[in-house]
Amino acid sequence: MRAVFQIALGIIAAIGGFVDIGDLVFNTQAGALFGYDLLWAVVLGVIGITVYAEMCGRVAAVTKRPVFDVIRERLGFGAGLLALIASQVINLLTVAAEIGGIAIILGYLFDTTFSLLVLLGTGALVVIIRLLPFGAIERVFGYGGLLLFVFVAAALSHGPDWSGVTAGFVPNTDPNLLYAYFAVGLIAAAMMPYEVYFYSSGGVEEGWGPKDLKVNRLNALVGYAVGGLLSFGLMMTAAQILAPSGIAPDSLGTVALGPQVEFGQAGLLVALGGMLFAVGGASIDACFSGAYNLSQFLGWEWGKYRGTKKAPRFTLTWIVFILLGTVVVLTGINPVDITEYSVIFSVVALPLTYFPILLIAGDREFMGDHANGRLAKTVGWAYFVLLMVVAIAAIPLLIATNAGGG
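Residues numbered from 1 in each chain as written. Predicted model: local features only at pLDDT ≥ 70, side-chain atom pairs only at ≥ 80, totals over all residues. Heavy atoms only, no water.

1. Considering the overall build of the chain
The number of helices and strands found in the chain is 19 helices and 0 strands. What you see for the chain is a C-alpha radius of gyration of 20 Å, in line with the 22 Å of a compact globule of 406 residues. If one aligns the C-alpha atoms of the chain with their principal axes, the spans along those axes are about 55 × 50 × 45 Å. The 406 residues of the chain split such that 59% are buried. Counting only contacts in the chain whose residues sit at least 6 apart along the sequence, the fraction spanning at least 24 positions is 85%. As displayed, the chain offers around 15,200 Å² of accessible surface, 68% of which is attributable to carbon and sulfur atoms. In the chain, the 19 positive side-chain charges and the 24 negative ones have mean positions that sit 17 Å from each other. (Helix = DSSP H or I, 4+ residues; strand = E, 2+ residues; numbered from the N terminus. Rg over C-alpha atoms; globule rule 2.2 N^0.38 Å. Buried < 20%, exposed > 50% of the residue type's maximum accessible area, 1.4 Å probe, protein only. Contact = heavy atoms within 4.5 Å. Areas by Shrake-Rupley, 256 points an atom, 1.4 Å probe, with all protein chains shown as cover. Lys, Arg positive; Asp, Glu negative; His and termini not counted. Charge placed at Lys NZ, Arg CZ, Asp CG, Glu CD.)

Here you go:
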């Protein structure tokens, strides 16, 4: 039982990062358009975020400092400022998208105006974050998000075409632009920058030290494997239920149709519950990531565990992120549109995020015997090259496909 609770950080990082509103949208759209053909992109994203999250957690455990704090010290003001600006823009867009997603999901459960639901969702987030300790937030949203396994159950219950599933783990050798756009989106949605910043700072929040390196490894491996499995369920359900009917999942309500078709109203309610926990967890991940990054860059006291009195500017910063995200949503912009643009634009920030992490985790002078070994170096640099290619292709694909609209 203790081991189960020890991986809570990895679960919320995966549920709130790997399966946030971006993955709910991109995975179901990819399944509805291309069937099982993009399962390989999910695998690529899972491996990438697992490798880099493990590096971030290892740096935090060995140095007892979060990665962004170390970036500022080791790489200097200029590199730190560039990473800060890129990450904060993505954090704000993500917070806005997730708050909008919360309101949309609540709208399927309660009959009232969207604006009121946005305000209620925002208020609930602030109250929950203020009242619950960090560990409780992890467990509530991390394990609540496991309700999304209803998508896995729906996919298996509907009877997958296993030969098609197997073929989906091999990239298409003759891709079109729309296929390439969704491949880029799936990889980006899996490796959003806020995930690793939240994960690293969360390790410090929990007091990790060198003795917790195994816990870190377990969190990264199990947490993101769970996230990947849920992504498989989303894509496969869309491929089996939405695609044959020609349904385009352009709203969060459409995403939940798979479990409803398979299990009736109970399946719909469980799916909406899992989506609510996942999107809520992602909004907390992103607003905390924004507060962590700014506080660590400027040398402020930070951390949920310190409380408002000891870290007032950190507390004020995450509140401001939530309020700004709320303002963006209340302008009337479709949260799904915000999601798609935030995911694709985050691709440009991926090299700025993961290059410093790769350098710091591989610095033997700084990390000692816990620096990256041969395997971590090889995989890490291979993924960095991949991220550079993806970053170069992202914006042209966004324009060429009209943000996935064809």
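There's plenty left to go through after this.
2. Notes on the packing of aromatic side chains
Taken as a whole and judged by the stated rule, the model has 19 aromatic pairs. With a centroid separation of 5.8 Å and an interplanar angle of 75°, the aromatic rings of Phe288 and Tyr292 are classed as edge-to-face. Of this pair, Phe288 and Tyr292 are both found in helix α14 (residues 257-298), 4 residues apart, which corresponds to roughly one turn of the helix. Each of the two residues, Phe288 as well as Tyr292, counts as buried. Between Phe288 and Phe314, the aromatic rings sit 5.9 Å apart at their centres with planes inclined by 65°, giving edge-to-face as the arrangement. One end of the pair, Phe288, is in helix α14; the other, Phe314, is in helix α16 (residues 312-330), and 26 residues separate them in sequence. (Phe/Tyr/Trp six-rings, centres within 6.5 Å; stacked < 30°, edge-to-face > 60°.)

3. A look at the packing of helix α7 (residues 134-144) against α14
Two elements in contact, α7 and α14, have axes separated by 7 Å at closest approach and are oriented at 145°. Handedness of the crossing formed by α7 with α14: left-handed. Side by side, α7 and α14 meet where Phe134, Ile137, Val140, Phe141 and Gly144 of the first sit next to Gly274, Phe277, Gly280, Gly281, Ile284, Phe288 and Tyr292 of the second. Tallied by class, residues from the contact of α7 with α14 come to 8 nonpolar, 4 polar and no charged. (Axes fitted to C-alpha atoms, helices over the stretch in contact; angles between N-to-C directions. Left-handed = near helix turned anticlockwise from the far one by under 90°. Nonpolar A, V, L, I, M, F, W, Y, C, P; charged D, E, K, R; others polar.)

4. Thoughts on the confidence of the model for the chain
Confidence in the prediction for the chain averages 86 pLDDT; 95% of positions are at 70 or higher. Mean pLDDT values for the elements of the chain range from 48 in helix α1 (residues 2-6) up to 95 in α16. Throughout residues 1-5 the model reports pLDDT below 50, and contacts reaching past four residues in sequence, or to other chains, amount to 3 contacts. (pLDDT = per-residue confidence, 0-100.)

5. Regarding a nonpolar patch on the surface
The grouping of Leu75, Phe355, Leu359 and Trp381 at the surface amounts to a nonpolar patch, some 310 Å² of accessible area in total. Along the chain, Phe355 turns up in helix α17 (residues 335-361). (Patch = residues over 30% accessible without salt bridge, like charges linked within 9 Å, V, L, I, M, F, W, Y side chains within 5 Å. Salt bridge = Lys/Arg side-chain N within 4 Å of Asp/Glu carboxyl O.)

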